[in-house]
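# Results of the structural survey
Each chain, letter by letter, is given below.
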Amino acid sequence: MELHTAAARKFLPVLYIFTVLLAAGAATVYGWTGEIHGRVVCDVCGDSSIGPEDHVLEGAEVAVLCITKTGEVLNYQAFTNSKGVYTVAETMPESDRWDACLARPISSFHEECNHLGDATSGVKFTYNRASGYSYAIKPFIYRHANAPMYCM
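Cut-off values and rules
- Residues numbered from 1 in each chain as written.
- Predicted model: local features only at pLDDT ≥ 70, side-chain atom pairs only at ≥ 80, totals over all residues.
- Heavy atoms only, no water.
- pLDDT = per-residue confidence, 0-100.
- Helix = DSSP H or I, 4+ residues; strand = E, 2+ residues; numbered from the N terminus.
- Contact = heavy atoms within 4.5 Å.
- Polar contact = N/O pair within 3.5 Å; in protein donor to acceptor, adjacent residues only side chain to side chain.
- Phe/Tyr/Trp six-rings, centres within 6.5 Å; stacked < 30°, edge-to-face > 60°.
- Buried < 20%, exposed > 50% of the residue type's maximum accessible area, 1.4 Å probe, protein only.
- Disulfide = S-S within 2.5 Å.
- Salt bridge = Lys/Arg side-chain N within 4 Å of Asp/Glu carboxyl O.

Considering every residue of the protein chain, the mean pLDDT works out to 84; 78% of them sit at 70 or more. Across the protein chain, element-level confidence peaks in strand β4 (residues 73–79) with a mean pLDDT of 98 and bottoms out in helix α1 (residues 2–27) with 47. Below a pLDDT of 50 lies the segment residues 17–28, which in the model reaches 0 contacts outside its immediate sequence neighbourhood of four places, other chains included.

Attention now moves to the side chain of Arg97. For Arg97, the location among the structural elements is in the loop between β5 (85–93) and β6 (98–107). A distance of 3.4 Å separates a polar side-chain atom of Arg97 from the backbone oxygen of Tyr127. In this structure the side chain of Arg97 is engaged in a polar contact, spanning 2.7 Å, whose partner is the backbone oxygen of Arg129.

Quick look at the packing of aromatic side chains now. In this structure the tally under the stated criterion is 7 aromatic pairs. The interplanar angle of 80 degrees and the centroid separation of 5.1 Å between the aromatic rings of Trp98 and Tyr127 together place this pair among those described as edge-to-face. A residue pair is termed long-range when its members are at least 10 positions apart, and Trp98 in strand β6 and Tyr127 in the loop between β8 (123–126) and β9 (134–136) qualify at 29 residues. Looking at Trp98, the relative accessible area reads 0%, which means it is buried. Looking at Tyr127, the relative accessible area reads 1%, which means it is buried. Note on Tyr127 and Tyr135: the rings are 6.1 Å apart at their centroids and 40 degrees apart in plane angle, and the pair reads as tilted. This pair shows no difference in class: Tyr127 is buried, exactly as Tyr135 is.

Glancing now at the state of the cysteines. Tallied over the full model, the rule gives 3 disulfides. One disulfide bridge connects Cys42 with Cys113, the sulfur atoms lying 2.0 Å from each other. Measuring the twist about the S-S bond at about 110 degrees, one finds the Cys42-Cys113 disulfide to be right-handed. Highlighted residues: Cys42 in strand β1 (residues 31–43) and Cys113 in strand β7 (residues 113–116), separated in sequence by 71 residues. The class for Cys113 is buried, based on a relative accessible area of 0%. Covalently, Cys66 is tied to Cys101 through a disulfide, its sulfur atoms 2.1 Å apart. Taking the sign of the torsion about the S-S bond as the criterion, the disulfide between Cys66 and Cys101, at about 110 degrees, is right-handed. On the criterion of sequence distance, the pair formed by Cys66 in strand β3 (residues 61–68) and Cys101 in strand β6 is long-range, its members being 35 residues apart. Residue Cys101 is classed as buried on the basis of its relative accessible area, which comes to 5%.

In this structure the tally under the stated criterion is 3 salt bridges. Of the charged contacts, one joins Arg143 and Asp43 as a salt bridge, the two residues approaching to 3.7 Å between their closest N and O atoms. Of this pair, Arg143 sits in strand β10 (residues 140–144) while Asp43 sits in strand β1, placing them 100 residues apart in sequence. Asp43 sits in the buried class, given a relative accessible area of 2%. Ionic pairing is found between Glu94 and Arg97, a salt bridge with its closest N-O pair at 3.6 Å. Glu94 sits in the partly exposed class, given a relative accessible area of 38%. Residue classification places Arg97 among the buried residues on the basis of a relative accessible area of 10%.

Have a look at this one:
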């Protein structure tokens, strides 16, 4: 029993030093988390206003390109969920955080609503949100090639 206690006494200082070093190392790494989200909508009548005939687009593809404070270029690909919402999120060191971004619609896989609206070729913005906060982008709009008769 005494041998086991003596070994434990020798091990405890090593464990203490390891714990202190681990805690000090973790304390010096500061993380930053950013999020970009938006929605993709089908403007059925092509009237540039959201009405009861319009609907969200599930599975639409959106590309987000960001440049970090250190000049690194990051390219993200996102798809909308059943609510038409896409999200891009990243956690990185504060010194490498996003500086400026460009979000643009890539494609809509909807059978009829797959023509990109005129004013939604992309959105450029400076990302100046604090860690943990998100940036909301205005909806990207797709239209039918030919508006249905009930829109006339």
